[in-house]
Amino acid sequence: MLILARKSNESINIGDDIVITVLSIDGGTVKLGVEAPKEVKLLRGEVYERISKTNQEAANSDFNLLNNLSVDKVAGHQEKRWLPGSGDGLPVVAVAGKRRKDPRS
Amino acid sequence: MRSDSVPLSAKEKGVLRGTGEDPLQYSTSRFGTIEVAEEQMIRIKGGLLGFTNLSKYIIIHHHDHGPFVWLQSLEREELAFPLIDPHLIYPDYLLEISREDADEIGIENEDDVQIFVLVAVRSGDRRMQLNMQGPLIVNRKNNLAMQFVDQQCSYSGLVELESTVEKQMNGV
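Cut-offs and rules
- Residues numbered from 1 in each chain as written.
- Chains lettered and ligands numbered in written order.
- Predicted model: local features only at pLDDT ≥ 70, side-chain atom pairs only at ≥ 80, totals over all residues.
- Pairing = 2+ DSSP bridges.
- Helix = DSSP H or I, 4+ residues; strand = E, 2+ residues; numbered from the N terminus.
- Axes fitted to C-alpha atoms, helices over the stretch in contact; angles between N-to-C directions.
- pLDDT = per-residue confidence, 0-100.
- Contact = placed C-beta atoms within 7 Å.

Section: the sheet that holds strand β3 (residues 29-35) of chain A
All names here are of chain A.
Now for step 1: Taken in spatial order, the three strands line up as β1-β2-β3 in an open sheet, and their pairing is antiparallel. A single partner strand is all that each edge strand has here, and the edge strands are β1 (11-14) and β3. Across this sheet, the average inter-strand angle for adjacent strands is 25°, counted without regard to direction.

Right, here's the structure in full:
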């Protein structure tokens, strides 16, 4: 971690496209201004941590646990609504699982 | 000019084929080898938080997995995320995004949009955690997507597995 001390109105450059400026210091709170290209995501640290951690947990989800919420239990009342993109333009790749009762037949 | 006949292996896998160029094959750790046409590919602008270097994905519906679909990375075969439409769990779910955010992925009107949330569920869990603060917004028209940071989200996203199934069974 690079550690720098800055006073009000002083700034830090990150690469060519990102500038962080200290706008004001008031008690224990520093107000920072951040300039960055649109595609760079700027988030409060705790927000970034929370979302990226939940993303990682999703990536580690148990495949077989979803198996147990079987199609014949879940699908009945919603018809095709739960299959996004069926006829609606969202491209979905269908993968055959172990075929049991096909609720759509 | 290639013929219109679908090769038998693609048909067996139930792959939806678009018109245009030949689909490419991708290997995945959960679903084996899949064929993906260019126009089925979803591109997440900026990637997912924690995975910002990856942007190419495909949505897979596994026949046994009911309302869940899978966001499979086309750049890392072992990486996939279960998704669900949050409206199925929270019928009143409403997401508001700014015009600027909508423009990022070329959204022109509401009907262009499909929203998903990532689902975390571990073996032995009786509950699943939906990532309500970071919904995935997909533009059906151009297959661009983004993980939107919803700071105003008031849903916890913690859902009992049993009650989800029962709710569905009772037609809620």
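Side note on unusual backbone geometry
Now for step 1: Despite not being glycine, Asn9(A) shows a phi value in the positive range, around 75°.
Now for step 2: On the secondary structure map, Asn9(A) appears in the segment before β1.

Observations regarding the pairing of strand β2 (residues 32-36) of chain B
Now for step 1: With five bridges joining them, strand β1 (residues 24-28) of chain B and β2(B) adopt antiparallel strand pairing. Residue Thr28(B) lies in a different strand from β2(B), and its bridge partner there is Gly32(B).

Remarks on the confidence of the model for chain A
Now for step 1: Averaged over all residues, the pLDDT of chain A is 74; the fraction at 70 or higher stands at 63%.
Now for step 2: Confidence drops under pLDDT 50 across residues 70-90 of chain A; counting only partners more than four residues distant or on other chains, this segment forms 43 contacts.

A look at the confidence of the model for chain B
All names here are of chain B.
Now for step 1: The share of residues in chain B with pLDDT of 70 or more is 80%, and the mean pLDDT across the chain is 82.
Now for step 2: Here residues 1-19 scores under 50 on pLDDT; set against residues more than four positions off or in separate chains, the count is 27 contacts.
Now for step 3: Across the interface, the model reports ipTM at 0.79; the global pTM reads 0.75.

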